[in-house]
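Here's the letter readout for the chains.
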Amino acid sequence: MYFFLSNLSFSDNCLITCTVPKMLVNIQVLDQSISYTGCLFQVCYVLAFGGLESCLLAVMAYDHYVVICHPLGYTVIMSAQFCALLIFFSLFISTVHALLHTLMVLHLSFCTDLEIPHFFCELAQVIKLACSKTLSNNILIYLVGGLFGGVPLSGIIISYIPFMSSVLKMPSRGKYKALSTCGSHLCVVSLFYGTGFGVSISSDYQLCSYRFNKDDCSGFGDVFCGH
């Protein structure tokens, strides 16, 4: 459990580092601009670490399920090699997910001096500013977003069904300890998915925005500073 918690903490710190420092610098210097390259890196890193956190929450739910429902076989099922494999697989698919979206954005054409109604470069908002057709990008967002959001969340819910049924059969002392453990995990799950949902529906009402500097796009042809 602590192995997964340490990786979740690392993912959280990396996700915050992708967005908050740039926002604080913008507030300090009163300049809300970001380069084309910086925006792409921000999109990629946010998707990568956000996807990693979603996978880790599902892995932790499975870990809780094994602890409660198969306590005698926990050390065999959740071996060090298997735990490392779960972390590696989560990191791999989240990285592929982020690179896929970033490469799709590279094929879009953009105008100059664009504004994003958000404090960071959110993928959906960047795609909305494209001058070229974005149908394939939007389809990819819904398909992959549904997989990364729906599959881990469904896994969490499915893991908690037998987990809760086993907890309810425990004596009071063990029940409270198990519920306190799963309660903290459920709080993190609610905060993560609730925040993600809130960001997606409130991005159009954000007061902060980024401007993309034309001078920073000189090395990318008309990909971002297109016609």
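Residues numbered from 1 in each chain as written. Predicted model: local features only at pLDDT ≥ 70, side-chain atom pairs only at ≥ 80, totals over all residues. Heavy atoms only, no water.

**Thoughts on the state of the cysteines**
Evaluation of the coordinates by the stated rule reveals one disulfide. Linked covalently through their sulfurs, Cys39 and Cys121 form a disulfide whose S-S length is 2.4 Å. With the S-S dihedral at roughly -130°, the linkage between Cys39 and Cys121 falls on the left-handed side. Here Cys39 is found in helix 2 (residues 36-69), whereas its partner Cys121 is found in the loop between strand 2 (115-116) and helix 5 (123-128), with 82 residues between them in sequence. For Cys121, a relative accessible area of 1% corresponds to the buried category. Cys14 supplies the cysteine sulfur nearest to Cys18, a cysteine that is in no disulfide, at a spacing of 6.8 Å. (Disulfide = S-S within 2.5 Å. Helix = DSSP H or I, 4+ residues; strand = E, 2+ residues; numbered from the N terminus. Buried < 20%, exposed > 50% of the residue type's maximum accessible area, 1.4 Å probe, protein only.)

**Description of the nonpolar core**
In summary, soluble globular proteins display a tendency toward joint burial of nonpolar side chains. Within the largest apolar cluster, 28 residues are counted, with the highest numbers of intra-cluster contacts made by Phe4, Leu57, Met78, Ile156, Tyr160, Phe163 and Tyr193. Among the elements of the structure, helix 1 (2-29), helix 2, helix 4 (80-106), helix 6 (135-168) and helix 7 (172-202) are those that each provide at least two residues to this core. Examining the composition of this core, we find that eleven residues originate from one element, helix 2, more than from any other. Every residue in contact with Ile156, bar those within four places of it in the chain, is listed here: Leu57, Ala58, Ala61, His185, Val189 and Tyr193. Core analysis: the next-biggest nonpolar cluster, separate from the first, contains 19 residues, Cys44, Val105, Leu114 and Cys121 among them. (Core = buried A, V, L, I, M, F, W, Y, C linked by side-chain atoms within 4.5 Å. Contact = heavy atoms within 4.5 Å.)

**Structural notes on helix 1**
Note on helix geometry: an α-helix contains 3.6 residues per turn, so any two residues three or four positions apart are oriented the same way. In this model helix 1 runs 40 Å from its N-terminal to its C-terminal C-alpha over 28 residues, within 8% of the 40 Å that 1.5 Å per residue would give. At Thr17, helix 1 shows its largest bend, some 35°, and a proline, Pro21, comes one to four positions later. Buried within helix 1 we find Phe4, Asn7, Leu8, Ser11, Cys14, Cys18, Thr19 and Asn26. A positive backbone phi angle near 55° is found at Leu30, which sits one or two residues after helix 1. (Expected span 1.5 Å × (residues − 1). Bend = angle between axes of the 7 residues up to and from the residue.)

**Some details on the environment of Phe119**
The topology assignment puts Phe119 in the loop between strand 2 and helix 5. The spacing of Phe119 and Thr19 is 100 residues in sequence and 7.9 Å in space, taken between C-alpha atoms.

**Overview of the confidence of the model for the protein chain**
Across the protein chain, pLDDT averages 78, with 85% of residues at or above 70. Predicted confidence for residues 213-227 stays below pLDDT 50, and this span has 29 contacts to residues more than four positions away or in other chains. (pLDDT = per-residue confidence, 0-100.)

**What about the side chain of Asn137?**
Positionally, Asn137 belongs in helix 6. Polar contacts involving the side chain of Asn137 include one to the main-chain carbonyl oxygen of Met104, which spans 3.4 Å. For Asn137, the residues in contact, after removing those within four places along its chain, are Met104, Val105, Leu108 and Ile127. (Polar contact = N/O pair within 3.5 Å; in protein donor to acceptor, adjacent residues only side chain to side chain.)

**Comments concerning helix 2**
With 34 residues, helix 2 extends 50 Å between its outermost C-alpha atoms, agreeing within 8% with the 50 Å of an ideal straight helix rising 1.5 Å per residue. Most of helix 2 sits inside the fold, with 26 of its 34 residues counted as buried.

**Regarding the packing of aromatic side chains**
If you walk through the whole model with that rule in mind, you get six aromatic pairs. Note on Tyr45 and Phe49: the rings are 6.3 Å apart at their centroids and 25° apart in plane angle, and the pair reads as stacked. On the criterion of helical spacing, the pair formed by Tyr45 and Phe49 is a turn pair, its members being four residues apart in helix 2. Here the aromatic rings of Phe88 and Phe92 are separated by 6.5 Å at their centres, their planes lie at 20°, and the arrangement is stacked. One end of the pair, Phe88, and the other, Phe92, are both in helix 4, four residues apart, so they sit about a helical turn from each other. According to the relative accessible area criterion, Phe88 is exposed, its value standing at 55%. Ring pairs connect the aromatic residues Phe41, Tyr45 and Phe49, which therefore count as one cluster. (Phe/Tyr/Trp six-rings, centres within 6.5 Å; stacked < 30°, edge-to-face > 60°.)

**Points about a nonpolar patch on the surface**
Together, Leu85, Phe88, Phe92 and Val96 line one region of the surface with nonpolar side chains, adding up to about 420 Å² of accessible area. Among the secondary structure elements, Val96 is positioned in helix 4. (Patch = residues over 30% accessible without salt bridge, like charges linked within 9 Å, V, L, I, M, F, W, Y side chains within 5 Å. Areas by Shrake-Rupley, 256 points an atom, 1.4 Å probe, with all protein chains shown as cover. Salt bridge = Lys/Arg side-chain N within 4 Å of Asp/Glu carboxyl O.)

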